[in-house]
Amino acid sequence: MNLRPLLASALALVLASTASTVALAQEEIELEPVGSTLMQLESVKPVGWEEAGPGAYLRRSSDTDLATLAMQAAPLPVEQLWSQLLPQLGLTEIPEPVEKRSTEDFEWDVYSVDIAAPPISVRLALADGDGRSYIVLLQTAPDEHAALVEQVFDPALDALSPLSAEVTTDPAELAYQVEDVTFPGGDAGIELAGTLTLPAGDGPHPAIVLMNGSGAQDRDSSV
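Remember, predicted model here, so these are calculated numbers, not experimental data.

Some points on helix α3 (residues 78-88)
The set of residues buried in α3 consists of Val 78, Leu 81, Trp 82, Leu 85, Leu 86 and Gln 88. For α3, the angular spread of the buried residues around the axis is 155 degrees, confining them to a single face. More than 90 degrees from the buried face of α3, the exposed residues found are Glu 79 and Pro 87. Gly 90 lies just past α3 and shows a positive phi near 70 degrees.

What follows is the structure in structure tokens.
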């Protein structure tokens, strides 16, 4: 996960007037369930907030609206995630958490960060789980921050959970044959592995080879 585009674009915005942001924060906010198969998590977000990327939602009430909610996960420890977050938040060291929050699935450390120029308030929660880091981030104009933390950030944090794992189909029930295969990797002692799927019926059949690149991918080239 790389939060740089999300935070960098928000930092480049100019604040709308105080009156407009306060009025928006005082409106009753309706929440709806949301899930991300890429991030492998589910939670809630405000109705009407637009998805700007995987797990990132913008209110976009105007061209200068800063309100952003991000709920994301990455296959790296929290300590490595902080190395990306610190420069984006204008920090040189990890701050002390303002709160520790327990939910059904996670133990969260919650942080508050104020950015001076342009003035932005950030509420940030981080947790470890199953070898991944989870992050919930809310950035707003300072004058509506407390209201949106209560109405948006806290409910999203409490509702966040990993997506339920899909039930793996028994290979015997598939309409094709599945075999695990190994083959020499080119150098002594190097062995490669793969999955061979064979359609039913007599061949010849066309062949497709899926070769994974870098990153977290399975043998079906799913991220």
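Comments concerning the sheet that holds strand β7 (residues 107-115)
The 7 strands are arranged β3-β4-β5-β9-β8-β7-β6 in an open sheet whose pairing can be described as antiparallel. The sheet is open, and its two borders are formed by β3 (50-53) and β6 (99-102), each paired with just one other strand. Strand-to-strand, the axes of this sheet are offset by a mean angle of 25 degrees, without reference to chain direction. For β7 and strand β8 (residues 120-129), the ladder comprises 7 bridges, and the chain directions are antiparallel. Looking across to β8, one finds that Val 110 is bridged to Ala 125. The sheet contacts of α3 involve β7, β8 and β9 (132-140), and relative to β8 the element is tilted by about 170 degrees. With respect to the sheet, helix α4 (residues 145-159) is in contact with β5 (68-74), β6, β7, β8 and β9, its orientation differing from that of β9 by roughly 160 degrees.

Structural notes on the pairing of strand β2 (residues 41-46)
Among the 6 residues in β2, 5 count as buried, and that is most of the element. Alignment of strand β1 (residues 31-36) against β2, held across 6 bridges, turns out to be antiparallel. The residue of β2 that forms the bridge with Ser 36 is Leu 41. Hairpin connection, β1 to β2: the antiparallel pair is bridged by 4 residues, and Gln 40 has positive phi, about 60 degrees. Note that β2 and strand β10 (residues 161-162) share 2 bridges and pair antiparallel. Bridging from a neighbouring strand, Glu 42 pairs with Ser 161 of β10.

Some remarks on the sheet that holds β2
Backbone hydrogen bonds are what pair the strands of a sheet, in a parallel or an antiparallel way. Reading across the sheet, the 3 strands line up as β1-β2-β10 and stay open at both edges, with antiparallel pairing between neighbours. Edge positions in the sheet fall to β1 and β10, since each of these pairs with one other strand and no more. Across the sheet, α4 is in contact with β1, β2 and β10; its angle to β2 comes to roughly 160 degrees.

Some points on the packing of aromatic side chains
For the structure shown, the criterion picks out 3 aromatic pairs. Geometrically, the ring pair formed by Trp 82 and Tyr 111 is edge-to-face, given 5.0 Å between the ring centres and 85 degrees between the ring planes. On the criterion of sequence distance, the pair formed by Trp 82 in helix α3 and Tyr 111 in strand β7 is long-range, its members being 29 residues apart. Since its relative accessible area comes to 3%, Trp 82 is described here as buried.

A short note on α4
Count 3.6 residues to each turn of an α-helix, and residues three or four apart come out pointing the same way. Helix length check: α4, at 15 residues, gives a terminal C-alpha distance of 20 Å against a target of 21 Å (1.5 Å per residue), a fit within 8%. Helix geometry: α4 is bent most strongly at Phe 153, by close to 30 degrees, with proline Pro 155 lying one to four residues after it. On its buried face, α4 is in contact with β2, β5, β6, β7, β8 and β9.

Rules behind the numbers
Residues numbered from 1 in each chain as written. Predicted model: local features only at pLDDT ≥ 70, side-chain atom pairs only at ≥ 80, totals over all residues. Heavy atoms only, no water. Buried < 20%, exposed > 50% of the residue type's maximum accessible area, 1.4 Å probe, protein only. Helix = DSSP H or I, 4+ residues; strand = E, 2+ residues; numbered from the N terminus. Arc of directions from axis to C-beta. Pairing = 2+ DSSP bridges. Axes fitted to C-alpha atoms, helices over the stretch in contact; angles between N-to-C directions. Contact = heavy atoms within 4.5 Å. Phe/Tyr/Trp six-rings, centres within 6.5 Å; stacked < 30°, edge-to-face > 60°. Expected span 1.5 Å × (residues − 1). Bend = angle between axes of the 7 residues up to and from the residue.

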